[in-house]
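Below, each chain spelled out in residue letters.
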Amino acid sequence: MTESHRNFRRSLRAVCFYCALGVGFSSILVGCGEPEEPDRMSETTPAAEPMRAEPVAGAMYRTELSFVGHGAEPSLLHLRFDNRTDSAAIHLRYRGWFGGGEWREILDQADSLPVPRAAWRILPTGPVRIMAGEGGEPSSVILQLSEGSLRLDSRGAIGSWNSRTGQRESLRLAELQDESGAATGLLLARQTARRIDDPPAGGPGQYFMVTDTAGNGLLIMRDGISPDAPVTVWTWFDEMEAEWDNALILALAAADDSPGRWSFELPEAGLLAEIRGVAPALIDTADTRGGFSVFRVEAALVLEGQSWTMRGIGAQEQILE
C-alpha cells in the first residue's frame, strides 16, 4: 500500500470519528484554509489536432460542469454547453439546472455566431458571461438570471485526466455564489468532441460525485453500466487527493420511482458504500444519441465499523466517442 493510500485511510478514520461525535464540522471546514485564486483549466483541447486548429463543419463540442456544495443539503448545479458547427456558423445550445428538492431550469439559451477558431470554447451569449484564463478555458462562469447573478468559480485542480475524445477533464475545488451567499464544493469539468455524422459508440456512462460537511469528497466514474465496466475513483479527504482503479460497483434493486441504487466497494481502502438515487430525476431526451439523466444521490459509507453520509449528484448518459 502506498503512503498516499495510508494517509487516505487515516483521513477516513478521522472523518468517521467526527461524524460519530456529531461535532467539529465547522472547525474542520474553517481549517481547510482559504481557496486558491481562480486558475485556468488545462489548454488541452478536443480530439485530433486538425479539429483543434480549425473548426470542422458538422462537429459537436460539449462542455459539462457539475457542482456539489459541502452543505448538509448541498447546492447542486449542472451546466451543459453545446457548440455545433456547420460550414457557415456555430450554433450554441447552453442549458443549466439547479438542484434542490426539484430540478429547476435556470438556463436555456440558443444562438448562432460566425465560426470562431476555437469552437470548443464556451462563448458569451445572452445571460452567459465567461472569465477566461490563458488558452481561453473558463476560470469563472457567470449567469445573469432574472432572480440575480449566479457565479461559478474554479479554485484549483484536485486531479485531471483525458476524456475518451482526448480532452482534459478535471475534478476541482470550486465556489458557487448567488444572491443568498456562497458555497464551497467540488466541480467536475468534462469535455467531449465528435462529428455529427459519426455513429453512436459505446454504452451509457455514469458518474457519482458526493461530498460531506467536513469538505471531503468522492468521485466515481464508470465507462459503462455492466458489472465489468471499468471504474475509476478520486478521493479528496483532509485536502489529500488519491486516484483508485480497483473499485467495484453493482446495481441493486430499487423502487420504481428511484433513479437507481448501487453498492460500492473500494477494497484497498476497506471502504464500503450504498449509493441511492433520489427522485425526481432530471431526464432529457433531446439528444437523439441517447440523452442523459441527472439526479440527487445519498451515499451511506462504512469504514472499520464507522459510518457517515455523503450527498451529491449522479448522472448517466450515452458515451460519445
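Structure: see above.
Residues numbered from 1 in each chain as written. Predicted model: local features only at pLDDT ≥ 70, side-chain atom pairs only at ≥ 80, totals over all residues. Heavy atoms only, no water.

**A few points about the overall build of the protein**
Right, on to step 1. Helix and strand content of the protein: three helices and 18 strands.
Right, on to step 2. Within the protein, the proportion of its 321 residues that are buried is 49%.
Right, on to step 3. In the protein, the proportion of contacts linking residues at least 24 apart, taken out of those at least 6 apart, comes to 52%. (Helix = DSSP H or I, 4+ residues; strand = E, 2+ residues; numbered from the N terminus. Buried < 20%, exposed > 50% of the residue type's maximum accessible area, 1.4 Å probe, protein only. Contact = heavy atoms within 4.5 Å.)

**Examining the pattern of salt bridges**
Right, on to step 1. Under the defined criterion, the tally for this structure stands at 14 salt bridges.
Right, on to step 2. Where Glu175 meets Arg155, a salt bridge forms, and the shortest distance between an N and an O atom there is 3.2 Å. Here Arg155 lies in strand β7 (residues 148–162) and Glu175 lies in strand β8 (residues 168–178), a separation of 20 residues in the sequence. Just as Glu175 is buried, Arg155 falls in that class too.
Right, on to step 3. Note that Arg261 is salt-bridged to Glu274, the shortest N-O span being 3.0 Å. Separated by 13 residues along the polypeptide, Arg261 in strand β15 (residues 261–266) and Glu274 in strand β16 (residues 271–284) bring together distant segments of the chain.
Right, on to step 4. Each of Glu64, Arg80, Glu169, Arg190 and Glu317 takes part in salt bridges that share partners, so that together they form one network. (Salt bridge = Lys/Arg side-chain N within 4 Å of Asp/Glu carboxyl O.)

**Observations concerning the environment of Thr63**
Right, on to step 1. With respect to the secondary-structure elements, Thr63 resides in strand β1 (residues 59–69).
Right, on to step 2. Between the C-alpha atoms of Thr63 and Phe81, which are 18 residues apart in sequence, the distance is 5.1 Å.
Right, on to step 3. If we ignore the near neighbours within four places in the chain, the residues touching Thr63 are Leu79, Arg80, Phe81, Trp120, Ile122, Arg190 and Gln191.

**A look at the side chain of Arg155**
Right, on to step 1. Residue Arg155 is classed as buried on the basis of its relative accessible area of 13%.
Right, on to step 2. Reaching out from Arg155, the side chain makes a polar contact with the side chain of Glu175 at a distance of 3.2 Å. (Polar contact = N/O pair within 3.5 Å; in protein donor to acceptor, adjacent residues only side chain to side chain.)

**What about unusual backbone geometry?**
Right, on to step 1. Here the residue pair Ala279 and Pro280 is connected by a cis peptide bond, since its omega of 0° sits within 30 degrees of zero.
Right, on to step 2. Inspection of the secondary structure assignment puts Pro280 in strand β16.
Right, on to step 3. For Glu304, which is not glycine, the phi torsion reads 50° and is therefore positive.
Right, on to step 4. For Glu304, the position within the fold is in the loop between β17 (292–303) and β18 (306–318).
Right, on to step 5. On the accessibility criterion, Glu304 (47% relative accessible area) is partly exposed.

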